[in-house]
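# Overview (structure and organization)
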Amino acid sequence: MIKRNVSAAVSLGVCIVSSLALAALIFTMPSFFSWFYSAFNGETQSAKAVIKTVVTAFYICVPFAAAALFMMIKILINILNDRVFVFANVVLFRFLSWCCYAVLIITFVFGLRYIPLFVIAFAMGVAGTLLRVIKNIMQAAVELREENELTI
């Protein structure tokens, strides 16, 4: 019990720090990525196109990333409050997986212009599928718990 709470609390902290990092990146992404990419590849005309592609993909993905972080925080708060096998968590996992699939589609489309984005698309496909599996397990557990509560 204590170990689970510590793990959930640490995960909650990581999600909060990630949310703050995302908020910071919203304001600094163009200059940050431009500096980062140019430091390794130099300033060329093609570099400007790559920077524009990646920054555009980032800003389209931001709402899904923010929603995913919000849902993860809600799940972790539920776990810390001993509300693990509840239907609300099933719904949160479902929407979380959809956020991953949305980012998969966005990064796949932009990956046609900048191939390394395919790595993110692949990772989001794996994460989305893993979250769907977890959602299905949680849903079965919720149904079993509800069935057992009705048994005398």
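Going by the structure above, here's the rest.
Chains are numbered independently. Their residues run from 1 in the order of the written sequence. Reporting in this predicted model follows two pLDDT cut-offs: at least 70 for local features of residues, and 80 or more for side-chain atom pairs to be given and counted; totals over whole chains, interfaces and linings ignore these cut-offs and use all residues. With hydrogens and water excluded, all non-hydrogen atoms of the structure serve as input to the side-chain values.

## Some remarks on the pattern of salt bridges
Salt bridges are identified by distance alone: a Lys or Arg side-chain nitrogen within 4 Å of an Asp or Glu carboxyl oxygen. Applying the stated criterion across every chain yields a total of one salt bridge. Across the pair Arg 145 and Glu 149 runs a salt bridge whose closest N-O atoms are separated by 2.7 Å. Remark: Glu 149 and Arg 145 occur in helix H4 (residues 117–150); sequence separation between them is four residues, near one turn of the helix. Under the scheme applied here, a residue whose accessible area is under 20% of the maximum for its type counts as buried, over 50% as exposed, and between as partly exposed, the area being computed with a 1.4 Å probe on protein chains only. By relative accessible area, Arg 145 is classed as partly exposed at 29%. Accessibility expressed as a relative area gives 56% for Glu 149, which makes it exposed. Strands are runs of DSSP state E lasting at least 2 residues, helices are runs of H or I lasting at least 4, and numbering of each runs from the N terminus.

## Concerning the packing of helix H2 (residues 45–80) against helix H3 (residues 87–111)
Every axis in this analysis is a line fitted to C-alpha atoms, fitted for helices over the stretch in contact. Angles between the N-to-C directions lie between 0 and 180 degrees. The contact between H2 and H3 brings their axes to 9 Å, and the two run at 165 degrees. Judged on the interaxial angle alone, H3 and H2 are roughly antiparallel. The element H2 and its partner H3 pack so that their crossing is left-handed. Any residue that is not Ala, Val, Leu, Ile, Met, Phe, Trp, Tyr, Cys, Pro, Asp, Glu, Lys or Arg is counted as polar, Gly included; the first ten are nonpolar and the last four charged. Among the residues making up the contact of H2 with H3, the classes are represented as 18 nonpolar, five polar and one charged. Should an angle fall under 35 degrees it is called roughly parallel, over 145 degrees roughly antiparallel, and 65 to 115 degrees roughly perpendicular, with every other angle called oblique. It is the rotation of the near helix from the far one that decides the hand of a crossing: anticlockwise by less than a right angle makes it left-handed, clockwise makes it right-handed.

## Focus on the packing of H3 against H4
Here H3 crosses H4 at 165 degrees, and the two axes come no closer than 8 Å. For the element pair H3 / H4, the angle class is roughly antiparallel. With respect to the hand of their crossing, H3 and H4 are arranged in left-handed fashion.

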